[in-house]
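The residues making up each chain are set out below.
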Amino acid sequence: MDGNGRWARQRGRARAAGHQAGFHTTRDIVESAARRGVEALTLFAFSSENWRRPQTEVGLLMDLFLRALNSEVGKLSENNVQIRFIGDRSAFKPRLQTEMDNAEALTANNQGLKLAIAVNYGGRWDIVNAAKAIARDVQSGMLDVDSVDERAFASYVSLADIPDPDLFIRTGGEKRISNYLMWHLAYTELYFTDVLWPDFSDEELGAAITFYAGRQRRFGKTGEQVSSA
Ligand code: FPP
């Protein structure tokens, strides 16, 4: 969800206004995704590198997350959305951690859109974390090292219970992954748009899905093999 700062600057407003507008877009897009029948949506809200921003901006984002949790979780739950957070949440203030735990507990049994919010998340962190957990299980004798294959490894990374993403969308014009779901994106279709996050809309989401629908996913096979299957 990139481009909040530039959106604000273009309007001569403070970055905070961009994040506030970005929050409204986030709310709208979660609703659009659910309405369009998207099974799982993962949003990159705060990367492990975002702590390097000025302290005032980090504080402001934390306040926004807390307010968003307070104002949105009830409605999301009524709409059957299942919420979870991925990333190292131990770095957040206890109050925010508690609200995240509560949101997960409240919505755990919901059967609608699986919404994951990546906070203090890094794709490499995720892989290292999985490697450590595997090492621990091998050390304790719970896991045989020879049984560690891609499938087994995948069960140790975040979001292990949902399929890898079909489509990655980055707004704001940059064409990079920025340490997002490094393990999961191996075969994901990548969609980049110059639209700044606060301007992203249901229509833009539709354009991204149309792009996805036009892709032929070969997973290493030839085009002929895939079309004749
Ligand atoms: C990137 O834009 C955006 C962020 C680092 C924060 C994301 C936060 C939101 C979309 C708002 C709230 C979300 C939730 C889940 C409550 P940027 O600041 O890097 O923009 P720039 O590249 O134009 O400076």
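Below is a summary of the structure that appears in this document.

## A closer look at helix 2 (residues 15–35)
Turn by turn, an α-helix covers 3.6 residues, leaving residues three or four places apart pointing in a common direction.
Line of reasoning, step 1. With 21 residues, helix 2 should cover 30 Å at 1.5 Å per step; its first-to-last C-alpha distance of 30 Å lies within 8% of that length.
Line of reasoning, step 2. Within helix 2, the full set of buried residues consists of Ala17, Gly18, His19, Ala21, Gly22, Phe23, Thr25, Thr26, Ile29, Val30, Ser32 and Ala33.
Line of reasoning, step 3. Lining the buried residues of helix 2 we find helix 1 (4–10), strand 1 (40–47), helix 3 (55–78), strand 3 (114–121) and helix 7 (202–213).
Line of reasoning, step 4. One or two positions beyond helix 2, positive phi appears at Gly37, with a value near 85 degrees.

## Observations regarding the nonpolar core
Line of reasoning, step 1. Ranked by internal contacts, the top residues of the largest apolar core, which has 28 residues, are Phe85, Leu96 and Leu115.
Line of reasoning, step 2. Secondary structure elements with two or more residues in this core: helix 2, strand 1, helix 3, strand 2 (82–86), helix 4 (94–107) and strand 3.
Line of reasoning, step 3. Looking at this core element by element, the count peaks at 8 residues for helix 3.
Line of reasoning, step 4. Leave out the neighbours within four places in its chain, and Phe85 touches Leu69, Met100, Ala103, Glu104, Ile117 and Val119.
Line of reasoning, step 5. Listed in part, the 11 residues of the second largest apolar core include Phe44, Ala118, Tyr121 and Tyr180.

## Thoughts on the environment of Ile134
Line of reasoning, step 1. Along the chain, the position of Ile134 falls in helix 5 (residues 123–139).
Line of reasoning, step 2. According to the relative accessible area criterion, Ile134 is buried, its value standing at 7%.
Line of reasoning, step 3. Once you skip the residues sitting within four places of it in the chain, Ile134 turns out to touch Leu143, Val148, Phe153 and Tyr156.

## Some details on the pattern of salt bridges
Line of reasoning, step 1. Tallied over the full model, the rule gives 14 salt bridges.
Line of reasoning, step 2. A salt bridge links Arg170 to Asp2; the shortest N-O distance between them is 2.9 Å. In this pair, Arg170 sits in strand 4 (residues 167–170) while Asp2 sits in the segment before helix 1, placing the two residues 168 residues apart along the sequence.
Line of reasoning, step 3. The exposure class of Arg170 is buried, given its relative accessible area of 11%.
Line of reasoning, step 4. If you follow the salt bridges from partner to partner, you end up with Glu31, Arg35, Arg36 and Asp202 in one network.

## Here's the deal with the packing of aromatic side chains
Line of reasoning, step 1. As enumerated under the stated definition, the model contains 14 aromatic pairs in all.
Line of reasoning, step 2. On the numbers, 6.0 Å between centres and 80 degrees between planes, the contact of Phe44 with Tyr121 is edge-to-face. Taken together, the positions of Phe44 in strand 1 and Tyr121 in strand 3 put the pair 77 residues apart, joining distant regions of the chain.
Line of reasoning, step 3. Exposure remark for Phe44: the relative accessible area of 18% places this residue in the buried category.
Line of reasoning, step 4. An angle of 15 degrees between the planes, with centres 5.4 Å apart, marks the rings of Trp197 and Phe200 as stacked.
Line of reasoning, step 5. Residue classification places Phe200 among the buried residues on the basis of a relative accessible area of 6%.
Line of reasoning, step 6. Within the aromatic cluster, the residues linked to one another by ring pairs are Phe44, Tyr121, Trp125, Phe168, Tyr180 and Phe192.

## With respect to the site of the ligand
Line of reasoning, step 1. Looking at the ligand, there are 19 residues lining it, with Asp2, Gly5, Arg6, Arg15 and Arg53 nearest.
Line of reasoning, step 2. Here an oxygen atom of the ligand sits 3.0 Å away from a polar atom, N or O, in the side chain of Asp2.
Line of reasoning, step 3. At a separation of 3.2 Å, an oxygen atom of the ligand approaches a polar backbone atom of Asn4.
Line of reasoning, step 4. Considering every element that reaches the shell around the ligand, the biggest residue donor is helix 2, with 5 residues.

Analysis parameters
Residues numbered from 1 in each chain as written. Predicted model: local features only at pLDDT ≥ 70, side-chain atom pairs only at ≥ 80, totals over all residues. Heavy atoms only, no water. Helix = DSSP H or I, 4+ residues; strand = E, 2+ residues; numbered from the N terminus. Expected span 1.5 Å × (residues − 1). Buried < 20%, exposed > 50% of the residue type's maximum accessible area, 1.4 Å probe, protein only. Contact = heavy atoms within 4.5 Å. Core = buried A, V, L, I, M, F, W, Y, C linked by side-chain atoms within 4.5 Å. Salt bridge = Lys/Arg side-chain N within 4 Å of Asp/Glu carboxyl O. Phe/Tyr/Trp six-rings, centres within 6.5 Å; stacked < 30°, edge-to-face > 60°. Near = heavy atom within 4 Å. Polar contact = N/O pair within 3.5 Å; in protein donor to acceptor, adjacent residues only side chain to side chain.

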